[in-house]
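Summary of the model geometry
Chain by chain, the residues run as shown.
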Amino acid sequence: MDVVEIEQIGSYVGQDVTLKGWVYNMRSSGKIVFLLVRDGTGIIQCIVEKSSVPGELFETVSRLTQESSIEVSGFVRADKRAPGGYELGVKELRIIQVAEDYPITPKEHGMPFLMDHRHLWLRSTRQHAIIKIRSGLVKFIRDFFDSRGFLCVDTPIFTPNACEGTTTLFETDYFGDKAYLTQSGQLYNEATAAAFRKVYSFGPTFRAEKSKTRRHLIEFWMVEPEVAFADLDDIMKLAEEFVTEIVQRTLEKYRGLLEEVLQRDISALEKVQPPFPRISYDEAAKILEEKGTGFEYGNDFGGTDETVLAEGFDKPFFVHRFPSAIKAFYMEPDPEDSRLSLSVDLLAPEGYGEIIGGGQRIHDLALLEKRIRENNLPKKAFEWYLDLRRYGTFPHAGFGLGLERALAYICGLKHVRETIPFPRLINRLSP
Ligand code: 4AD
Ligand code: MG
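Residues numbered from 1 in each chain as written. Chains lettered and ligands numbered in written order. Predicted model: local features only at pLDDT ≥ 70, side-chain atom pairs only at ≥ 80, totals over all residues. Heavy atoms only, no water.

1. Here we look at the site of ligand 1
What counts is decided by this rule: Here a residue is near a molecule or strand as soon as one of its heavy atoms is found within 4 Å of it. Pairs of N or O atoms are called polar contacts if they sit within 3.5 Å, as long as, within protein, a hydrogen donor faces a hydrogen acceptor (for residues adjacent in sequence, only side-chain-to-side-chain pairs). Computed by Shrake-Rupley with a 1.4 Å probe, the accessible areas treat only the displayed protein chains as cover when residues are assessed. Cavities and pockets are defined on a 1 Å grid built over the protein atoms alone: a cavity is a set of grid points where a 1.4 Å probe fits but cannot escape, while a pocket is an open set with protein on both sides within 12 Å along at least five of seven lines, and lining residues are those with an atom within 4 Å of any such point. Think of it this way: a molecule belongs to a cavity or pocket when more than half its atoms come within 2 Å of the grid points there. Starting at the N terminus, helices and strands are each numbered in turn, a helix being any DSSP run of H or I of at least four residues and a strand any DSSP run of E of at least two. Residue polarity follows a fixed list, in which Ala, Val, Leu, Ile, Met, Phe, Trp, Tyr, Cys and Pro are nonpolar, Asp, Glu, Lys and Arg are charged, and the others, Gly among them, are polar.
Around ligand 1, a shell composed of 23 residues is seen, among which Glu164, Gln186, Glu224, Glu354 and Ile355 lie nearest. In this structure, a nitrogen atom belonging to ligand 1 sits 2.7 Å away from a side-chain N or O atom of Glu224. Here Glu354 contributes a side-chain N or O atom positioned 2.6 Å from an oxygen atom of ligand 1. Isolated, ligand 1 exposes 630 Å² of accessible area, and the fraction of that covered by the protein chains is 95%. According to the grid-proximity analysis, the pocket containing ligand 1 is the largest pocket. At the level of elements, strand E12 (219-228), strand E18 (353-360) and strand E19 (396-402) are the ones that each hand at least two residues to the shell around ligand 1. When residues of the shell around ligand 1 are assigned to their parent elements, the largest contribution, 5 residues, is made by E18. Class assignment of the residues belonging to the shell around ligand 1 gives a composition of 7 nonpolar, 8 polar and 8 charged.

2. Things to note about the layout of surface pockets
A probe as big as a water molecule, rolled over the atoms, marks out the empty space that is left. Which entries qualify depends on this criterion: Grid points are joined across faces, edges and corners, and a volume is the space filled by probe spheres set on the points.
Computed from the structure, the largest pocket encloses a volume of approximately 1200 Å³. Glu164, Arg207, Glu209, Asp300 and Glu354 are the residues nearest the centre of the largest pocket, which is lined by 46 residues in total. Looking at the lining of the largest pocket, the elements that each hand over two or more residues are E12, helix H9 (303-310), E18, E19 and helix H12 (403-411). Per element, the largest residue contribution to the lining of the largest pocket is 5 residues, and it comes from E18. For the lining of the largest pocket, the per-class residue count stands at 16 nonpolar, 16 polar and 14 charged. If you add up the space inside the second largest pocket, you get close to 640 Å³. As for the second largest pocket, its lining consists of 27 residues, and the residues nearest its centre are Thr41, Gly42, Ile43, Thr125 and Leu257. The set of elements that each furnish at least two residues to the lining of the second largest pocket consists of strand E3 (32-38), strand E4 (43-49), helix H4 (125-146) and helix H6 (232-261). In terms of residue count, the dominant contributor to the lining of the second largest pocket is H6 (6 residues). Class assignment of the residues belonging to the lining of the second largest pocket gives a composition of 12 nonpolar, 9 polar and 6 charged.

Interpretation in functional terms is not warranted from these geometric data alone.
Next comes the structure, spelled out in structure tokens:
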């Protein structure tokens with residue numbers, strides 16, 4: 001008998017097959033046992049009828065517990081009433097292990113408990129859906145850049161210098177020297193953009209964020225394109241096409257999971273089509289002052305500010321030209337107003353906050369040296385970066401999209417902790 005995966009069960013209607021998996025749930029009416037079996041690719045209802053199986057099989061089945069591992073063989077039937085549309089009429093069943101009392105039961109558990117059992121929680125339908133969509137989203141992200149001639153160039157995790165400010169650096173000992181876990185691949189992408197023109201990096205990044213928020217992880221994944229000879233407008237256009245494509249492809253492939261398992265409002269995602277609104281920081285500040293959020297001009301937006309701003313938009317929107325003082329050292333000044341920078345954030349609607357940060361980079365050597373001094377950054381560690389301005393400097397721009405923030409938005413999750421298989425939070429390093 002063929003061993004098949006539940007995802008493919010539709011091709012085996014009318015045949016006998018074997019499944020290998022785990023007992024997700026079971027109920028019994030005395031004469032019939034309904035086993036929900038999951039195998040990682042799907043869930044199927046398996047029916048054991050007392051009248052049509054040997055007595056010992058019925059006894060075996062009665063020993064099963066939630067998450068017991070089994071091999072089950074039977075006849076595949078199409079049945080519209082069955083969850084998933086198919087069911088298995090059981091003929092044989094072999095127990096691999098009768099699982100101990102499973103800690104996660106269908107009753108409600110608190111978040112700390114579930115997070116402590118993250119290694120098991122991932123088996124549940126909702127978590128399974130989120131992580132499956134994450135995997136698809138990663139592919140759609142790669143496809144977007146790969147199909148446009150971007151080269152995927154990996155960047156290091158141990159770095160000698162800060163990219164996004166020194167307050168969130170993770171310091172480690174590197175054979176007697178100081179090293180930091182990377183906050184962003186950007187500085188390296190600027191080097192590889194000079195070698196390959198259009199590049200992207202996609203990997204884990206680290207921020208020692210000392211605040212507990214629903215948008216911050218300590219370890220998160222970022223995709224960062226960098227484009228030689230691009231300016232701020234060019235990368236806003238790129239970001240708009242990028243976000244549209246990844247949202248629409250995710251919606252196309254995972255509509256069922258989004259709608260049925262995650263109860264996502266699909267119509268909100270359907271609206272993600274270009275053009276995205278573009279407002280300046282100054283305009284955003286005016287809106288916030290009018291709405292009385294307590295925002296003060298010159299500051300960065302807080303979570304509440306972002307949520308209030310988003311009330312005016314039903315699709316992602318850009319905020320550009322933030323004051324240089326609140327942005328990273330490498331931001332190109334706005335030629336029209338030197339207090340401002342050619343920076344941009346993309347904010348998701350519905351209160352999901354910033355999903356992209358980026359901008360145009362300073363390409364003038366003297367100005368960059370000045371900024372490194374003003375930010376009290378150690379010049380020696382940045383010599384290699386300054387070389388990019390010494391040997392054929394070039395205007396360039398890029399951005400970073402946080403994978404978990406984007407996924408939280410697409411899946412409609414209020415907190416980023418469920419968007420990554422094993423979240424690292426300020427108070428959580430385990431499991
Ligand atoms: O705005 P950020 O800090 O920008 C950069 O790191 C640039 N160097 C990127 C570039 O231009 N190449 O971070 C970019 C994005 C944010 O918009 C957000 O989506 C995500 O990374 N992000 C986080 N996601 C989860 N947890 C955190 N602590 C995050 N910090 C940033
Ligand atoms: Mg940012």
